[in-house]
Amino acid sequence: GLPALWTNPAGLAGEPDPEAGAYYEQRFGVAELGLAAAGVTHSGFGLQVAALSLDGYGEYRLGVAYGRALTGRLRLGVQVGGLGVYARGYGQRLRPLLGAGLQYDLGTSITLATAILGGASPDERINRIEVGARWTVSSSVSFAAEGTLLAGGEVRTRFGVVYSPQEEVHFRLGVAPGRREATFGAGYFLSEKLETTVFAAVHERLGVSPGIGLYLRP
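Residues numbered from 1 in each chain as written. Predicted model: local features only at pLDDT ≥ 70, side-chain atom pairs only at ≥ 80, totals over all residues. Heavy atoms only, no water.

**Quick look at the overall build of the chain**
In terms of helices and strands, the chain carries zero helices and 14 strands. Helices and strands appear in the chain in the N-to-C order β-β-β-β-β-β-β-β-β-β-β-β-β-β. Its C-alpha atoms put the chain at 55 × 35 × 35 Å along the principal axes. Out of the 218 residues in the chain, the part that is buried amounts to 31%. (Helix = DSSP H or I, 4+ residues; strand = E, 2+ residues; numbered from the N terminus. Buried < 20%, exposed > 50% of the residue type's maximum accessible area, 1.4 Å probe, protein only.)

**Concerning unusual backbone geometry**
Phi is positive for Ser43, which is not a glycine, with a value near 55°. By the secondary structure assignment, Ser43 is in the loop between strand 2 (34-42) and strand 3 (45-54).

**Some words on the packing of aromatic side chains**
One pass over the structure, following the stated rule, counts three aromatic pairs. An angle of 75° between the planes, with centres 6.0 Å apart, marks the rings of Tyr23 and Phe199 as edge-to-face. Separated by 176 residues along the polypeptide, Tyr23 in strand 1 (residues 19-26) and Phe199 in strand 13 (residues 194-203) bring together distant segments of the chain. Take Tyr23: its relative accessible area is 23%, and that puts it in the partly exposed class. (Phe/Tyr/Trp six-rings, centres within 6.5 Å; stacked < 30°, edge-to-face > 60°.)

**Structural notes on the nonpolar core**
Formed by Leu2, Ala4, Leu5, Leu12 and Ala65, the largest nonpolar core amounts to five residues. Non-local contacts of Leu2, meaning those with residues more than four positions away in its chain, are made with Glu19, Ala20, Gly21, Gly39, Val40, Thr41 and Tyr215. (Core = buried A, V, L, I, M, F, W, Y, C linked by side-chain atoms within 4.5 Å. Contact = heavy atoms within 4.5 Å.)

**A word on the side chain of Gln48**
The residue Gln48 is located in strand 3 in this model. By relative accessible area, which is 4% here, Gln48 ends up buried. Within the local environment of Gln48, its side chain forms a polar contact with the side chain of Arg61, the two groups lying 3.1 Å apart. The residues contacting Gln48, other than those within four sequence positions of it, are Leu5, Trp6, Ala38, Gly39, Arg61, Leu62, Gly63 and Gln79. (Polar contact = N/O pair within 3.5 Å; in protein donor to acceptor, adjacent residues only side chain to side chain.)

**What about a nonpolar patch on the surface?**
Among the surface-exposed residues, Tyr104, Leu106, Ile110, Leu112, Trp135, Val137 and Phe143 lie close enough to one another that they form a single nonpolar patch of about 600 Å² accessible area. Put simply, the parts of the chain that give the nonpolar patch at least two residues each are strand 6 (91-106) and strand 7 (110-119). Following the sequence through the fold, Leu106 ends up in strand 6. We classify Leu106 as partly exposed; its relative accessible area is 45%. (Patch = residues over 30% accessible without salt bridge, like charges linked within 9 Å, V, L, I, M, F, W, Y side chains within 5 Å. Areas by Shrake-Rupley, 256 points an atom, 1.4 Å probe, with all protein chains shown as cover. Salt bridge = Lys/Arg side-chain N within 4 Å of Asp/Glu carboxyl O.)

**Quick notes on the pairing of strand 5 (residues 74-87)**
In terms of strand pairing, strand 4 (residues 57-69) meets strand 5 through 13 bridges, oriented antiparallel. Its bridge partner being in strand 5, Leu62 is matched across the sheet by Gly82. What sits between strand 4 and strand 5 in their antiparallel hairpin is a turn of four residues. Alignment of strand 5 against strand 6, held across 14 bridges, turns out to be antiparallel. Bridge pairing links Leu83 to Arg95 in strand 6. From the end of strand 5 to the start of strand 6, which pair antiparallel, there are three residues, and Gly89 there has a positive phi angle of about 90°. (Pairing = 2+ DSSP bridges.)

Structure representation (structure tokens):
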């Protein structure tokens, strides 16, 4: 569904219904440092846009993605986009991005995934490789683990759990040991089609990054 725009485009496969969403995050509690993102998906296609802004500096990302099922268990996705950077007095630069992802259902409760993101130019090829797994214990509980290999050789890991005590409510908890960061979130369906979320990332030294999001499933 919609989260696949930011994680693995293979997750767009098999989602015929449209979805749309947007969120805003205040990084490390700094009022001038805001991260905003939005996306829409429909019939395996997706469009994403994001922007990080600070006085005199900004980053923005645009992209399109597509995912489709190759078999009953295997899904493939690709994405194309660009990452732009602007700095006052230095102009701006746009870097093309290419990515691909795979997901494989190992039975009914375990999904394995991998994704690759890189640039389109020869000197900016692969800059990150991700592998992950999700274990759906029940309709109320699921666990996820992810490892990321960055271009410089650094390896990062993330672990998370989602708990849904009721169909319209869910809670999320995540940890990223390498970044010394923990994340917390809660979602609630205001109606059958509209969900709101509140979340926060807590960094050991840099502080708290609160955020809010809205998701629409017509």
